[in-house]
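# Summary of the model geometry
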Amino acid sequence: MESETTLTNESEILNSTLQFEKNAGIKNIVLAGNPNVGKSCFFNFLSGMYADVSNFPGTTVSITKGYYKGIEVLDTPGIYGVGSFNDEEKVARDIILNAGVILNVVNALSLDRDLFLTLQLIDMGKKISVLLNFSDELEKRKIKIDTKKLSNILGVEVFETAAVYKKGFDKLDDAIKFAKTGKQDSDLTKLLLKKVDGTIPQSEGLLLLEGDDSISSKNNLTIGTSDDRERIYIGRRNRVTEIIDEVEQEDSRKGEIFNLFGRYSLHPLTGIPILICMLALVYFFIGDFVSQRVVNFTEKKIGREIFEYHVKSLVGNFTDVEIETTSLNNDGSTELKTFSFPNGMDSNLQLKNEFQNFIITKSPQIEFHFKDIIPKLFFGEFGIITMTITYLVFLLFPLVVGFYFIMALFEDSGYLPRLATMLDRSFNKIGLNGRAVIPIMLGFGCITMANITTRLLGSEKEKSIVTAILQFVIPCSAQLAVIAALLSGSGIGPLLLYVSVIFTVLICLSTILNKLIPGESTPLLIDLPMIGFPKLNNVFKKTFYRSWGFMKEAGFWFFVGALAVGLMDITGMLKIWQDVLAPFTTTWLKLPKEASSAFVMGMVRRDFGAAGLFHMDLSIMQKTVSIITITLFVPCIASFVVMLKERGWKEGLLVWFSTWVTAFFIGGLVAQAVI
Amino acid sequence: MLSKTLDKSKKGNQIKIHKLPEGNIKSQLIRLGITEGDSLKCIERLPGGTIVVQKNRQEIAIGFELAKKIKIILH
């Protein structure tokens, strides 16, 4: 009987060209699976949208939603089972409880790990299809999986796929259409009938049997205890083992995946040199190649000399402008020359010609000073159009692309969980476990995103500590970009000073927080994914989407910041603000008074604040002090808002105010010592 | 046959899980595939006691504090 049903199903599948009628009675399609199984690839394909694909837990942090043929598609964070052990799991659990059809993505190479979730989904009575991903790798590793048998045992359809190559994607319609409830554990079914009231959906009923606290409190009903859960889990584990014995064959038991690099990156003796090599490569790539060669070209050449010059001279044709030029004579002396056009350049063509010939022969540095308010606001020193676009497009963008590229390489290689393992004991000393390395590393990309990833940490204490570390000391990629640009060419000294100050603050801050914040920290328990060279296709895609996302997000706030500073400049408020902060900036931080305008911008975005320092005439040590201060300064508006959402008003505001104090205090200390 | 805790195992040891600590962490271990009676291989012991074990093709890192609470039998 069994095989007959399967056969008819198969012929149905072969003949079907699925056209979903509007909604087709399917509430929604949910993608569920363990971390690192490639769920997001399927989501991207189905929804036509981009979700972050990554080789470590924690990237699908907020619910990603799209539509496939009129049906809602939901992506979930990677989980090892449906439960309530951390916030990510709770998010996934709620989506799964509400799922119409579940596409359970399974990594064919770690079937014994992944099938636990599959069996649990089946026990929940959910309609599922299994997508056996990475099936192309099986042959290479001499592993055989009997898909038909697996399908028979589970009672659901199993489709072989290779998401990276879009193999098997033509079967996704079938997977959705033929999703069904599988063969449930008969003992559990009996238990459900006996203990759980029929009005409660089976999926919630199962979690109640498994003693899930959140579902218990939601229904105001406790059925199972944690002992029951263990019993059920052990039973399910044993079934997984039985299934594996039935369906999987490994030609040579010794053909284990033994990856030397992966092993070496774990032990500090070899792992620390590997880490240092990686960081050195990053330094050469970002610090040397991108921030000097590329940015020199984009920012100075394209940004200032071509873009800004043309925009400004176009505007200068019609408005009151004074043009200051500084040119270098053959003997090394500089020459200042000013051209005045009270009625615009077009009203004095003779002088305009003279000016144009002058720049062709002398190629001087040129500064436009607009006299009227509107041109000044839009095209002046803090010009909303001129400055913002130069910083954003020609300075930050290339650097941010560089950083996101490196981050993507790191993430997709499977290296981060190993780094987490190597650093675990050091993190223990500050009340964290190695897992915290993931939000912190992500913070070097974007603090806002990293704030959300703190959800994967096990306890409130750990979340508070990491959130604080992120807001206080971790510079995001945009900020690092400006720092790299500011420090480029001034040797290793200032860089070392910067790194050691920030690192010292990190150690002190986290040690204090560990002492002050009550509560427990959880121990490390992390699954190490396979290590390997990342798929470049995926890396480029990720870099592109993240950089694009950055531009969309940051662009707006850059314009807001520029407008705010521009308005303050015109109304004279900037002068007042500078005067108020002057004692701090000039005597304590030993910076020019104008540096305080960088702090106004810094409240909007820290990188924007740092960018404000760019055109100031600062000594190398002054630059170092200002980037230390800006790094420790308040988080940008976006991450501030996310922090408030994740950690609550009290904690968020406390962190925000403390960053003010710390930034000025530490910055000043350094200034007093080195300037 | 020697009864110990997991943090004491050395690189290369074949071990058998004897007793897992109680509570939520036990459920998490079981889900990941580590159950009482399982045979595993310790593939790395880092200074400080972080342990990396291997089960079939899967590698799992276990922090020192947790490893101390897992009772094992050395083969």
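Residues numbered from 1 in each chain as written. Chains lettered and ligands numbered in written order. Predicted model: local features only at pLDDT ≥ 70, side-chain atom pairs only at ≥ 80, totals over all residues.

### Considerations on the overall build of chain A
The number of helices and strands found in chain A is 29 helices and twelve strands. For chain A, the spread of C-alpha atoms along the three principal axes comes to 95 × 60 × 50 Å. Among the 675 residues that make up chain A, the fraction classed as buried is 49%. (Helix = DSSP H or I, 4+ residues; strand = E, 2+ residues; numbered from the N terminus. Buried ≥ 20, exposed ≤ 12 C-beta atoms within 10 Å, placed from the backbone.)

### Thoughts on the packing of helix α21 (residues 477-487) of chain A against helix α27 (residues 620-632) of chain A
Residues and elements named next belong to chain A. Running from N to C, α21 and α27 point in directions that differ by 175°, and their axes come no closer than 10 Å. Classified by the angle between their axes, α21 and α27 sit roughly antiparallel to one another. Contacts from Gln-479, Ile-483, Leu-486 and Leu-487 in α21 reach Lys-623, Ile-627 and Thr-631 in α27. A per-class count over the contact of α21 with α27 returns four nonpolar, two polar and one charged. (Axes fitted to C-alpha atoms, helices over the stretch in contact; angles between N-to-C directions. Parallel < 35°, antiparallel > 145°, perpendicular 65-115°, else oblique. Contact = placed C-beta atoms within 7 Å. Nonpolar A, V, L, I, M, F, W, Y, C, P; charged D, E, K, R; others polar.)

### Quick look at the confidence of the model for chain A
Residue and element names in this part refer to chain A. Here chain A shows a mean pLDDT of 84. Residues at 70 or above account for 93%. Counting contacts from residues 1-23, a segment whose pLDDT is below 50, to residues more than four positions away or on other chains yields 17 contacts. Counting interchain partners and residues more than four positions distant, the pLDDT-below-50 stretch residues 53-63 has 43 contacts. (pLDDT = per-residue confidence, 0-100.)

### Things to note about the confidence of the model for chain B
Residues and elements named next belong to chain B. Here chain B averages 91 in pLDDT, and 99% of its residues register 70 or above. Taken element by element, chain B is modelled with least confidence in strand β1 (residues 2-5), mean pLDDT 83, and with most confidence in helix α2 (residues 64-67), mean pLDDT 94. Interface confidence for the predicted complex, expressed as ipTM, amounts to 0.94; the pTM equals 0.81.

### Focus: the nonpolar core
All names here are of chain A. Formed by 207 residues in total, the largest nonpolar core has its most connected members in Ile-102, Val-400 and Ala-481. At 19 residues, helix α16 (residues 386-412) tops the list of elements feeding residues into this core. Once residues lying within four places of it in the same chain are set aside, the contact partners of Val-400 are Ser-477, Ala-478, Ala-481, Ser-547 and Phe-550. (Core = buried A, V, L, I, M, F, W, Y, C linked by C-beta atoms within 7 Å.)

### Concerning the pairing of strand β6 (residues 71-74) of chain B
Residues and elements named next belong to chain B. One ladder, built from four bridges, connects β1 with β6; its direction is antiparallel. Bridging from a neighbouring strand, Ser-3 pairs with Ile-73 of β6. In this structure, strand β2 (residues 14-19) lies alongside β6, joined through four bridges in antiparallel fashion. Bridge assignment links Lys-19 to a residue of β6, and that residue is Lys-71. (Pairing = 2+ DSSP bridges.)

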